[in-house]
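Fold and contact review
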Amino acid sequence: MAERAALEELVRLQGERVRGLKQQKASAEQIEEELAKLLKLKAQMGPDEGKQKFVLKTPKGTRDYSPRQMAVREKVFDVIVSCFKRHGAEVIDTPVFELKETLTGKYGEDSKLIYDLKDQGGELLSLRYDLTVPFARYLAMNKLTNIKRYHIAKVYRRDNPAMTRGRYREFYQCDFDIAGQFDPMIPDAECLKIMCEILSSLQIGDFLVKVNDRRILDGMFAVCGVPDSKFRTICSSVDKLDKVSWEEVKNEMVGEKGLAPEVADRIGDYVQQHGGVSLVEQLLQDPELSQNKQALEGLGDLKLLFEYLTLFGIPDKISFDLSLARGLDYYTGVIYEAVLLQTPVRAGEEPLGVGSVAAGGRYDGLVGMFDPKGRKVPCVGLSVGVERIFSIVEQRLEALEEKVRTTETQVLVASAQKKLLEERLRLVSELWDAGIKVEAASPRVASCSTYCEEAGIPLVAIIGEQELKDGVIKLRSVASREEVDVRREDLVEEIKRRTSQPLCIC
């Protein structure tokens, strides 16, 4: 230790000598000579094992959230949860990791995005990819056949992150699902209604919900001549149509996946169509599609679905879109996806989708994959893409330069004299016990108003020697600077009366 300390001192002195020569603008040869001596001394010291060098950053595809950002997130979550509860849902939770075999084979080509964990005591585990497969495992394990549930939790995907577009490797999902036997299309229609209620309440812009049915897709592939073995991989290609052109998708189908060009062209004739119930009726008359049993069942259910959506008052928000494929393997019926719409650049142009913010569908066979006897439980659900919504809300607040409250403090307790600390703490305790949200301030009353304005705290309760003698508390409104004396026994009710309006974050 003593030898190292001596070397450190020599390094310090030599470093000062090099800096001094540079300041004096000494010759380059002289500086280089002394710098070489410094480097030699540093080499003698060797690495300092006590000081580890590391980069302070979050892992790729993750982020921290400031109090302001968390306030925005809580507001969004409140809107979503209140809607789920309004529709009678119960809440559950499941482990953040599952047995690897539970998740394997449920996500099609996206299975490569699952995070596998190291062997822990003989169990091969993976981080959950979504909340739907764990929910199906939960139903099968607990032998449940009927439940309406919601679940808000983090999921993990080894995806290429695009942070600015709200795509992360660790992110929240907000899921709502209905499991059990019901009249056809009623639960499906309720899920679409919930999706529209949430997106309308969040006021993040115009949106459109695209709907399709996996049975229609499979029937379409069959009549177009797609081999059974290629259904899922071609479905995955079609699912990219919201991001790339038909020509690019066709090239992938033909060039990479070996589909015959004429088959791809027939698919293109179908998947570029979208509309409302009139398109459903048109396809019911299609000479080829109407002869396929699966497609006919899917079209019949979609026609019924549009009837219920009309009763729910949301048919103008729904579009039957034959290009919607939803690449996950477990979907068996109706599928849907909500996209935000970009304002048209010129009059007469169609709105453009700028990103998916919610999606879901029917998965009647997933629970049966976990049940020892293969018993199926019909399920339908939706997932809200809250990370994208958070990004949009944050950008909007920044653009409008709106203030965001990060606390719900109703009153700040201050005193005019330093020696009244005990009285301040006694009053703070009384207010806490009465359910009032309180902060205790430093003694300087003058600085309290500035702090309250910045933090959005509406009231200041001031204790002074005179107030103690009179048995009152001086209550100041931060907004108006108005002060009134309130009897101590009436203080709680007065604070509640003045702060009874719902607290808003923006």
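Residues numbered from 1 in each chain as written. Predicted model: local features only at pLDDT ≥ 70, side-chain atom pairs only at ≥ 80, totals over all residues. Heavy atoms only, no water.

As recorded in an unreviewed UniProt entry, the protein goes by the name Histidine--tRNA ligase, cytoplasmic, listed as coming from Ursus maritimus. Under the heading Subcellular location (unreviewed entry), UniProt records this for the protein: "Cytoplasm". Annotation of the protein in UniProt includes, under Function (unreviewed entry), the sentence "Catalyzes the ATP-dependent ligation of histidine to the 3'-end of its cognate tRNA, via the formation of an aminoacyl-adenylate intermediate (His-AMP). Plays a role in axon guidance." (UniProt positions renumbered as here; feature names shortened; annotations may be inferred.)

As a further point, take the UniProt feature "binding site: L-histidine" (unreviewed entry) in the protein. As annotated in UniProt, the feature "binding site: L-histidine" (unreviewed entry) corresponds to D130, L131, T132, R157, Q173, D177, R326, Y330 and Y331 in the numbering used here. Relative to the helices and strands, D130 resides in the loop between β3 (125-127) and α5 (132-141). On the accessibility criterion, D130 (3% relative accessible area) is buried. Among residues more than four places away in sequence, those in contact with D130 are Y107, V155, R157, Q173 and Y330. Only 3.3 Å separates the side chain of D130 from the backbone nitrogen of V133, close enough to count as a polar contact. Tracing the backbone shows T132 in helix α5. Each residue touching T132, except ones within four places of it in the same chain, is listed here: D175, Y330, Y363 and L366. (Helix = DSSP H or I, 4+ residues; strand = E, 2+ residues; numbered from the N terminus. Buried < 20%, exposed > 50% of the residue type's maximum accessible area, 1.4 Å probe, protein only. Contact = heavy atoms within 4.5 Å. Polar contact = N/O pair within 3.5 Å; in protein donor to acceptor, adjacent residues only side chain to side chain.)

A separate point is the packing of aromatic side chains. If you walk through the whole model with that rule in mind, you get 7 aromatic pairs. Between the aromatic rings of F84 and Y150, the centroid separation amounts to 5.6 Å while the plane-to-plane angle is 40 degrees, which identifies the pairing as tilted. Of this pair, F84 sits in helix α3 (residues 67-86) while Y150 sits in strand β4 (residues 147-156), and the two are 66 residues apart along the sequence. An aromatic cluster of three or more residues is present, and its members are F77, Y172 and F390. Stacked on the ring of Y65, the Lys or Arg R73 has its end atom at 3.8 Å from the ring centre. Note that R157 overlies the ring of Y129, its terminal NZ or CZ placed 3.8 Å from the centroid. (Phe/Tyr/Trp six-rings, centres within 6.5 Å; stacked < 30°, edge-to-face > 60°. Lys NZ or Arg CZ within 6 Å of the ring centre and 35° of its normal.)

A separate point is helix α18 (residues 491-498). Every buried residue of α18 is listed here: L491, E494 and I495. Take α18 and look down its axis: the buried residues cluster within an arc of 100 degrees, on one side only. Along α18, the residues that are exposed and aim more than 90 degrees away from the buried face are E493 and R497. In this structure, the buried residues of α18 make contact with β12 (411-415), α15 (421-433), β14 (459-463), β15 (472-477) and β16 (483-487). (Arc of directions from axis to C-beta.)

Another aspect to go through is the sheet that holds β14. Here 5 strands make up an open sheet; going across it, the order is β13-β12-β14-β15-β16 and the pairing mixed. Edge positions in the sheet fall to β13 (438-440) and β16, since each of these pairs with one other strand and no more. Averaged over neighbouring strand pairs, the angle between their axes works out to 30 degrees when direction is ignored. As judged from the 3 bridges shared by β12 and β13, these two strands associate in the parallel manner. In the sheet register, L412 faces β13, and the bridge partner there is E439. (Pairing = 2+ DSSP bridges. Axes fitted to C-alpha atoms, helices over the stretch in contact; angles between N-to-C directions.)

Before going further, it helps to spend a moment on unusual backbone geometry. One non-glycine residue, K25, lies in positive phi territory at about 55 degrees. Tracing the backbone through its elements, the reader meets K25 in the loop between α1 (2-23) and α2 (28-45).

We now examine the nonpolar core. In terms of nonpolar packing, the biggest core is built from 102 residues, with F84, V209, F221, I267, F320 and Y336 touching the most fellow members. Ranked by the residues each element gives to this core, the list is headed by helix α6 (residues 186-202), at 9 residues. Dropping the residues within four chain positions of it, F84 is found in contact with A89, Y150, C174, D175, F176, I194, I198 and L382. Among the nonpolar cores identified, the runner-up in size contains 16 residues, and V411, L427, I436 and I495 belong to it. (Core = buried A, V, L, I, M, F, W, Y, C linked by side-chain atoms within 4.5 Å.)

Here the protein is partitioned into domain 1 (1-45), domain 2 (67-399) and domain 3 (411-500). Domain 1 and domain 3 are separated by 60 Å when their C-alpha centres are compared. (Domains from an automatic or database assignment.)

The next point concerns the pairing of β4. When you tally the buried positions in β4, you get 7 out of 10 residues, the bulk of the element. Summarising the sheet, β4 and strand β5 (residues 170-179) pair through 10 bridges and their orientation is antiparallel. Looking at β5, one finds that K154 is bridged to Y172.

This brings us to the pattern of salt bridges. One pass over the structure, following the stated rule, counts 33 salt bridges. Taking the shortest distance from any N to any O, the salt bridge between D301 and R215 comes out at 2.8 Å. Here D301 is found in helix α12 (residues 293-311), whereas its partner R215 is found in helix α7 (residues 214-224), with 86 residues between them in sequence. Among the residues examined, R215 registers a relative accessible area of 15% and is labelled buried. Linking E288 and R266 is a salt bridge whose minimum nitrogen-to-oxygen distance equals 2.7 Å. One end of the pair, E288, is in the loop between α11 (277-284) and α12; the other, R266, is in helix α10 (residues 261-271), with 22 residues separating them in the sequence. Assessed through its relative accessible area of 39%, E288 is described here as partly exposed. Judged by relative accessible area, which is 32%, R266 ranks as partly exposed. Among the ionic contacts, a cluster of salt bridges with common partners joins E9, R12 and E16. (Salt bridge = Lys/Arg side-chain N within 4 Å of Asp/Glu carboxyl O.)

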